[in-house]
Amino acid sequence: MSELIEKLNWRYAAKRMTGEIIPQEKLDNILEAIKLAPSSAGMQPYNVLVIDNKEIKEKIHKIAKNQPQILESSHLLVFAAWEKITVESLDKYMDLIATTRSVTVDSLSAFHSSISGGILSRTEEVNFQWAARQAYIGLGHALIAAATEDVDATPMEGFDAAALDEILGLKEKGLKSVVIMTLGYRDNEKDPYVKAKKVRRPHDEFFINV
């Protein structure tokens, strides 16, 4: 069994955490993994809010079904998708590509036209749902990265998104929350699932060879 598979067998969605703070290096590695996650057209149409403020976590705890991990976590990550995809955001992306790869913006005209002809022709709701799916790819990277750092990570959807957006002022930033994740360390005494076996469907039932 590879080291990666061992780490993935070790990880689970911790229900209780100890409050111990994650070393900055481990946190930085998890965040870098999210930044390196693939996204459609490479646009990364979402942001990740990194929260360690106790008062903010207490507010979020109240609108997230009082899930204890929020208060017991070292950090809380909020994945927030762009509410709209605009000409300005597309142009900014082209500028970033040009700067990073030392090419001219004009040389990217075909790529620009291809993206704008697809993305900008869609409705705002379709583009938001597209952006939200990209955020979930980042979430997946975060879960794997956390496991490799021996950090527990718990993804959560059980929260009032509108209330969370208001707490964090996301509307003013052009964002909408889609999923949250706690980072920390499992509480071996309080978490009833800490020793539970991982339940997964059998290989031959899960995968379909075509």
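Summary of the structure given here.

What counts, and where the lines are drawn
- Residues numbered from 1 in each chain as written.
- Predicted model: local features only at pLDDT ≥ 70, side-chain atom pairs only at ≥ 80, totals over all residues.
- Heavy atoms only, no water.
- Core = buried A, V, L, I, M, F, W, Y, C linked by side-chain atoms within 4.5 Å.
- Buried < 20%, exposed > 50% of the residue type's maximum accessible area, 1.4 Å probe, protein only.
- Helix = DSSP H or I, 4+ residues; strand = E, 2+ residues; numbered from the N terminus.
- Contact = heavy atoms within 4.5 Å.
- Axes fitted to C-alpha atoms, helices over the stretch in contact; angles between N-to-C directions.
- Parallel < 35°, antiparallel > 145°, perpendicular 65-115°, else oblique.
- Left-handed = near helix turned anticlockwise from the far one by under 90°.
- Nonpolar A, V, L, I, M, F, W, Y, C, P; charged D, E, K, R; others polar.
- Pairing = 2+ DSSP bridges.

1. A few points about the nonpolar core
- Counting 53 residues, the largest nonpolar core has Met43, Val78, Phe79, Val178, Ile180, Met181 and Leu183 as its most contacted members.
- Among the secondary structure elements, those contributing two or more residues to this core are helix 2 (24–35), strand 1 (46–51), strand 2 (75–82), helix 5 (87–101), helix 7 (124–148), strand 3 (152–156), helix 8 (161–168) and strand 4 (175–184).
- At 10 residues, helix 7 tops the list of elements feeding residues into this core.
- If we skip the residues at most four places from it in the chain, Met181 touches His75, Leu76, Leu77, Phe79, Leu139, Ala142, Leu143, Ala153, Thr154 and Pro155.

2. Concerning the packing of helix 3 (residues 54–62) against helix 8
- Direction vectors running N to C along helix 3 and helix 8 enclose 160 degrees, while the axes themselves pass 10 Å from each other. It follows that helix 3 is roughly antiparallel to helix 8 by the angle criterion. The two elements helix 3 and helix 8 meet at a crossing, and its hand is right-handed. Every residue of helix 8 that contacts helix 3 at Ile56, Lys59 and Ile60 is listed here: Leu164, Ile167 and Leu168.
- Here the contact of helix 3 with helix 8 is built from residues that sort into 5 nonpolar, no polar and 1 charged.

3. What about the sheet that holds strand 1?
- Strand order in the open sheet made by the 4 strands is 1-2-4-3, with antiparallel pairing throughout. The strands lining the two open edges of the sheet, one partner per strand, are strand 1 and strand 3. When strand polarity is set aside, the average angle formed by the axes of neighbouring strands in this sheet is 25 degrees.
- Of the pairings in the sheet, the one linking strand 1 to strand 2 comprises 6 bridges and is antiparallel in character.

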